[in-house]
Amino acid sequence: MAATDETGPAGQNTTVPGTPPPAGPPVDPAPRAGARMPRWLPRAMVLALALIAVFQLGSWAFHQLTGLLINVLIAFFLALAVEPAVSWMAARGVRRGLGTFLVFVGVLVVGAGFVTLLGSMLAEQIIKIVEDFPQYLDSVINWINTHFHTELRRVDIQENLLRSDWLRNYVQNSATGVLDVSAQVLGGLFRLLTVGLFSFYFAADGPRLRRTICSVLPPARQTEVLRAWEIAVNKTGGYLYSRGLMALISGLSHYVLLEFLDVPYAPVLAVWVGLVSQFIPTIGTYLAGALPMLIAFTVAPWYAVWVLVFVVVYQQFENYVLQPKLTSRTVDIHPAVAFGSVVAGTALLGAVGALIAIPAVATLQAFLGAYVKRYDVTDDPRVHGHRGSGAFGRRVRGLWAQRRPESGGAEPAAGAGAAGAGDGGTAGA
C-alpha cells in the first residue's frame, strides 16, 4: 500500500499553501579562520596615502612659492609690454639682448629722473609747511575764536599736545615699527629686482622661449601657441596705450586746475597725478590726489578743498565715462567685462590682479573667439531693440476697441454703418 500518511517522508517535505517556508539553518556571520585580506587592498591604501602626501606637499609648495609665481606673472606681462619696442630694434639689426637693455635703461632713467625731481620738490614743500605751520595754526585758532567766541591760544594747545598720552604712545609705536618698515622696504626692493630680472630674460630670450615651448608640441598646437602669444602682445600693448592716454588726459586736466589756482610745481604735480592714478591700481587715485592737496594747502587752505573736489569729480568721470570707452576701443572688450575683470583680479591677486586683469581677459577672449562658431543674425526687429506689441498688445487693443462703442457718439455709429455695409457687401458677394 502507498504511503499517503502526512507523517511519512513525503508529508514532511510538503508545505501547506499560504504558509511561509521553513527557515534554513542559521548562517555564521564570522569569517572563516582561513580567510585572507584581498591582495589589492594594501596597495590601494598605500596609493591613497601617497596621493594624500603628494597633495599636501604640492599645496605647501604652492603656498610657499605664491610670491615668486606672482612676480613671474608680473614679469611676463612686462615683457609682453616691451616686446614691440624690442622687436622693432631687433628688426633693424640690434641684438635682442642689447635692445632689451636699452629699453630698460631708458625706462629706469626716466623713472629715476621723475622720482628725483618729485622728491626734491616734496622735500622743499615739507620744509615750507613745517616753517609756516605756526602761522596756519594761528589763523585756524583766530577763526575758531571769532566764530565760536572761545579763548584758545597756540601756546596752550602746544603744551597739551606735548604732554598728551596719545603723542607719547605714537612715538613709542613709531620707534618700534622702524624695523618693520625697513624690512618691508628691503622686501620691496628685492621683489622689484626679481621682477626686473625675469622680465629682462623673458623679453631678451622671447624667441628662444617660444621655440622651447613649441618643441614639445605638435605642429597644430604650435600654431595656436604662437597665435596666442601674438594676441597677448597686442592686447597688452593696447592696454598700456589706453592707460597712457588716460594718464595724459588726467595730467592735462589737473595741470589746468593747478595753474588756475597758481599752485607751484604744477607740471610736475600733473605728471605725478597722471602716472600714479593710472598705473598704481586701487590706491593710486588717493596717492595721486594727496600730494597736490598738500602743495595747494601751502598756498591757501581752501585751495586744498578745491583740489579735493576736482579730484573726486574727475575720478567719477574717468570711471564711468572715459575708462570704459577707451578700454573697449583699445583692448576690444565690453566695459562691463573690463570692470568685472578688474574686480575679479583684485579679489584673486590684489593690486597685481587689478593691473593685469584687463589684458589677460582680453587675450583670453580674443584667443577663444576663433573657436566660437558664429551664424548670420536674423532680421527680426527685436534684434535691433525694437520690441513688437506681441499677443498682449493685440489683446489690449482688442479690449480697447470693444470699449470704445460704449462711450457713445457719432464715431461708433459710423463704425457700425461701415460694418453693416461690409456685411451687406459680403452677403451680396
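Residues numbered from 1 in each chain as written. Predicted model: local features only at pLDDT ≥ 70, side-chain atom pairs only at ≥ 80, totals over all residues. Heavy atoms only, no water.

Q: Explain the confidence of the model for the protein to me, please; I cannot follow it from the model alone.
A: For residues with low pLDDT, the predicted coordinates do not support detailed interpretation. Overall, the prediction assigns the protein a mean pLDDT of 76, with 75% of residues at 70 or greater. The spread of mean pLDDT over the elements of the protein runs between helix H16 (residues 410–428), the lowest at 43, and helix H2 (residues 40–64), the highest at 91. In the predicted structure, residues 1–11 sits below a pLDDT of 50 and forms four contacts with residues beyond four places in sequence or in another chain. Predicted confidence for residues 407–429 stays below pLDDT 50, and this span has three contacts to residues more than four positions away or in other chains. (pLDDT = per-residue confidence, 0-100. Helix = DSSP H or I, 4+ residues; strand = E, 2+ residues; numbered from the N terminus. Contact = heavy atoms within 4.5 Å.)

Q: It is not clear to me how the packing of aromatic side chains should be interpreted in this structure. Could you clarify?
A: Two aromatic rings, taken as a pair, are described by how far apart their centres are and by the angle between their planes. By the definition in use, this model includes nine aromatic pairs. Ring plane angle 40° and centroid distance 6.2 Å describe the contact between Phe198 and Phe202, whose orientation is recorded as tilted. Within this pair, Phe198 and its partner Phe202 are both found in helix H7 (residues 178–204), separated by four residues, close to a single helical turn. With centroids separated by 6.3 Å and ring planes inclined at 15°, the aromatic side chains of Phe310 and Tyr314 adopt a geometry described as stacked. (Phe/Tyr/Trp six-rings, centres within 6.5 Å; stacked < 30°, edge-to-face > 60°.)

Q: What's the story with the pattern of salt bridges in this structure? I'm lost.
A: Side chains carrying opposite charge are able to pair once their charged atoms draw close together. Summed over all chains, the structure comprises three salt bridges. As a salt-bridge pair, Arg96 and Glu83 come within 3.3 Å of each other at their nearest N and O atoms. One end of the pair, Arg96, is in helix H4 (residues 96–148); the other, Glu83, is in helix H3 (residues 66–91), and 13 residues separate them in sequence. Summarising the burial analysis for this pair, Arg96 and Glu83 share the class buried. (Salt bridge = Lys/Arg side-chain N within 4 Å of Asp/Glu carboxyl O. Buried < 20%, exposed > 50% of the residue type's maximum accessible area, 1.4 Å probe, protein only.)

Q: Would you mind going over the packing of helix H10 (residues 266–279) against helix H11 (residues 284–299) with me for this structure?
A: Each pair of packed helices gets described by two things: the angle between the helix axes and the distance between those axes. For the pair H10 and H11, the least separation of the axes is 7 Å and the interaxial angle reads 165°. The orientation of H10 with respect to H11, classified from their angle, is roughly antiparallel. The handedness of the crossing between H10 and H11 is right-handed. Contacts from Leu269, Trp272, Val273, Val276 and Ser277 in H10 reach Gly284, Thr285, Leu287, Ala288, Leu291, Pro292 and Ile295 in H11. In the contact of H10 with H11, the residues fall into nine nonpolar, three polar and no charged. (Axes fitted to C-alpha atoms, helices over the stretch in contact; angles between N-to-C directions. Parallel < 35°, antiparallel > 145°, perpendicular 65-115°, else oblique. Left-handed = near helix turned anticlockwise from the far one by under 90°. Nonpolar A, V, L, I, M, F, W, Y, C, P; charged D, E, K, R; others polar.)

Q: How should I be thinking about the environment of Leu217 in this particular structure?
A: Structurally, Leu217 can be placed in the loop between helix H8 (206–214) and helix H9 (219–260). Residue classification places Leu217 among the partly exposed positions, given a relative accessible area of 27%. Every residue in contact with Leu217, bar those within four places of it in the chain, is listed here: Gln222 and Val225.

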